[in-house]
Amino acid sequence: MARFVILFANRIDELVFARENSPKTVRFASTLPAFANLVQKFHDEPLLVSEKCLSPAFIEFTKDKSLLYSVYKNLDELKDLLLHGDEQKVMPLTIPNEDILCQQSPTYASIVGSSPAIQKLKADIVKIAAFDVSVLLLGETGTGKSTVARAIHELSPRRDKNFKNEVLSNMNETLVESKLFGVTAGAFTGAIPGKGLFEETDKGTLFLDEIGEISPNVQTKLLKVLGEGLVSRIGSNKEISVDNRMIFATNANLEQKIRLGTFREDLFYRINDVTIKIPPLRDRLTDIPELCEEFLRRNKIAKKISPSAIQVMQTLSWKGNVRQLEKCIQKAALIYSEGDTIEPKDIIV
């Protein structure tokens, strides 16, 4: 008999559920009727979200209260709810408020902004963190992909385990393999034996940036690890079992690379359970005042920024995004500004 579990989250306004036999496959629906349509499509496949799928934030919030999700033991019961049930009986609690989330994840707390674009990003982080799915982060240079990856880890069930990140660009194939899979003694001249990142983050989270830059050979080996959960160090045939939450990032067009034959299509679907698009700064210019205040506070700079300087910054394109803005504020405060207030003349990009 099929089991259906619906996880409600009022703040995100979506229903979340997963297939029982493939808990890494997560689907979302915005309303009960939309969920009914999905059930109709997947009615022959058991669906389940268990308490193990929930992040510590969700579990902490629901402790000693009614559970955040409701279980339906068969399709008829679920259909009856969808057609005739009182939605208020199952529409439950909101997810943890901002204070709880910020306490659990300092990195999440560091994501500053009130614009619709950044609020959607933060909601996506919270929503996805609870589920053990691979995530592909898409964003331009300087948008904060590593920050988002760490926030997902800190809000996930794996938050007490290792988190490591590696940028895969500007490395030759041997070095990439050594970093990821580890090396045995004598594997090649100058080899330093040791664990790779997959072993070091076993039961934790591994974030691989610039995934579009790896060679076809590394792509093949990575696909095997992701599919089978087994890794072999360079120079050894011994297979080691690993269990990693995977987060990937790129600013490349992977679909175009697939068409050109430089990136494997099967690997693309393996790394892309869920995609999060990180907005560029030009799409969230209203966040610049908050970002500037945060950068001054973070760097312990006791200066203010004039409204006219803010207006100037909101007219710029910021090709380097948030990273470029922070460097601009640092230089303006420490080098160009002569008083205790940063003025338009001090903004040099």
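Engineer: Please provide a residue-by-residue account of the confidence of the model for the protein chain, values included.
Structural biologist: For the protein chain, the average pLDDT comes to 79, and 72% of its residues sit at 70 or higher. Scored below 50 in pLDDT, residues 42–75 makes 96 contacts in the model with residues more than four places away or belonging to other chains. Segment residues 85–94 is flagged for pLDDT under 50; beyond a separation of four residues in sequence, or across chains, it makes 19 contacts in the model.

Engineer: Please set out unusual backbone geometry residue by residue, giving values where relevant.
Structural biologist: Look at K203: it is not a glycine, yet its phi comes out positive at around 70°. For K203, the position within the fold is in the loop between α10 (197–200) and β7 (205–209). Notably, N321 is not glycine yet its phi reads approximately 60°, a positive angle. Note on placement: N321 falls in helix α16 (residues 321–336). For N321, a relative accessible area of 0% translates into the label buried.

Engineer: Tell me about the sheet that holds strand β5 (residues 135–138), residues and numbers included.
Structural biologist: Strand order in the open sheet formed by five strands is β6-β7-β10-β5-β11, and the pairing between neighbours is parallel. Edge positions in the sheet fall to β6 (163–167) and β11 (274–277), since each of these pairs with one other strand and no more. Neighbour-to-neighbour, the strand axes of the sheet open up by a mean angle of 20°, direction not taken into account. Direction of pairing for β5 relative to strand β10 (residues 245–250): parallel, over a ladder of four bridges. Looking at the pairing, V135 lines up with I247 of β10.

Engineer: Break down the environment of T341 for me, with residues and values.
Structural biologist: Within the secondary structure, T341 is located in strand β13 (residues 341–342). Among the residues examined, T341 registers a relative accessible area of 24% and is labelled partly exposed. Separated by 38 residues in sequence, T341 and K303 place their C-alpha atoms 5.5 Å apart. Excluding its chain neighbours within four sequence positions, the residues that come into contact with T341 are K304, I305, S306 and D346.

Conventions used here
Residues numbered from 1 in each chain as written. Predicted model: local features only at pLDDT ≥ 70, side-chain atom pairs only at ≥ 80, totals over all residues. Heavy atoms only, no water. pLDDT = per-residue confidence, 0-100. Contact = heavy atoms within 4.5 Å. Helix = DSSP H or I, 4+ residues; strand = E, 2+ residues; numbered from the N terminus. Buried < 20%, exposed > 50% of the residue type's maximum accessible area, 1.4 Å probe, protein only. Pairing = 2+ DSSP bridges. Axes fitted to C-alpha atoms, helices over the stretch in contact; angles between N-to-C directions.

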